[in-house]
Amino acid sequence: MDSLHAIGFYVSAAISVGGGLALAFLPGRGSRGVALAATGLGLAGLYLSLSAGFTALVALVCYAGCALLVAAPHYRVIDNAVGGLWRQVGAVAAAGLFALLAFAAWRGDFFHAIYYSGDFGSASVGRLLFAHDALATEAVGALVLAAMAGATMMWRGRGRGR
Amino acid sequence: MSTDLAFPVLFVASALVATGVFVVAWRRDLTAAIAGIPLIFGGAGVAFAGVSRFAATGGPPLFGQEVAALLAVVALALVALGVGIAGRGTPR
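Quick summary incoming for the structure in this document. (Residues numbered from 1 in each chain as written. Chains lettered and ligands numbered in written order. Predicted model: local features only at pLDDT ≥ 70, side-chain atom pairs only at ≥ 80, totals over all residues.)

### Focus on the overall build of chain A
Looking only at helices and strands, chain A features six helices and zero strands. Scanning chain A from its N terminus toward the C terminus, one meets helices and strands in the order α-α-α-α-α-α. Scaling as 2.2 N^0.38, a compact globule of 162 residues should have a C-alpha radius of gyration of about 15 Å, whereas chain A reaches 20 Å, well beyond that. Principal-axis analysis of the C-alpha atoms places the extent of chain A at approximately 60 × 40 × 25 Å. Here chain A holds 162 residues, and the buried ones make up 30% of them. (Helix = DSSP H or I, 4+ residues; strand = E, 2+ residues; numbered from the N terminus. Rg over C-alpha atoms; globule rule 2.2 N^0.38 Å. Buried ≥ 20, exposed ≤ 12 C-beta atoms within 10 Å, placed from the backbone.)

Below you can see the structure in the form of structure tokens.
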């Protein structure tokens, strides 16, 4: 095993999962935004250690955007009507899901292949995105456009009503 | 990097998905719970990228990386939509 890749992988895994746990417990928007940014940084490191440099770059940009949105000071807080008991049930269900997925990862197996693509792979992923799976890319683009337009309309509409 | 990391990659992906579900279930305010969605999508993306890195798939070898990149973009769009639906208000 290439020890440099392995060290990078485990450090990135610790940063991403730690950032996620901090996201669950930290109060305040700014600290939650920092936690989400740390998660994105860890995810980018995970992708880099998996020789997916282009995906790491996309994830870094997208999670930085998510962190900025979560840390923004102007959005309204909507309190959840669900009581504490159901939140605890949800937490236990998340732990059960983790146990199930970890068991599936431990028991699962697949035919191993030798990886021969490069470390960044922007040209190959670009060919996949715009030639092989162009319809999926257009569908995601339409989804993003609809989500952004809807978010802008709702944001402006609520602001005008005040 | 050899295939020794195949199980740790899937294990970390499982941890990320479960952490995202935990954030969604645990946060009291819904706008903070939205922040768990990128974690879930990130975990799924790591699993896709890991399988395309280690496994002999029937499709293109970089398909998992492509799906992981698309999932990151979709996560950003969903967070933006959630914050937009919440609308403006006083910070807390």
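Right, picking up where we left off after that structure.
### Overview of the environment of T137(A)
All names here are of chain A. By the secondary structure assignment, T137 is in helix α6 (residues 134-161). For T137, a count of 19 C-beta atoms within 10 Å puts it in the partly exposed group. In this view, T137 contacts L129 and F130; residues no more than four positions away in its chain are not counted. (Contact = placed C-beta atoms within 7 Å.)

### With respect to the environment of L62(B)
Residue and element names in this part refer to chain B. As for its placement among the helices and strands, L62 is situated in the loop between α3 (36-54) and α4 (63-86). Since 29 C-beta atoms lie within 10 Å of it, L62 is described here as buried. When the C-alpha positions of L62 and F48 are compared, they lie 9.5 Å apart, and in sequence the two are 14 residues distant.

### Concerning the interface of chain A and chain B
With 79 residues of chain A at the interface, the matching set in chain B holds 67 residues. Residue assignment for the side of chain A that touches chain B shows that the elements contributing at least two residues are α1 (3-25), α2 (29-49), α3 (53-71), α4 (84-107), α5 (122-132) and α6 of chain A.

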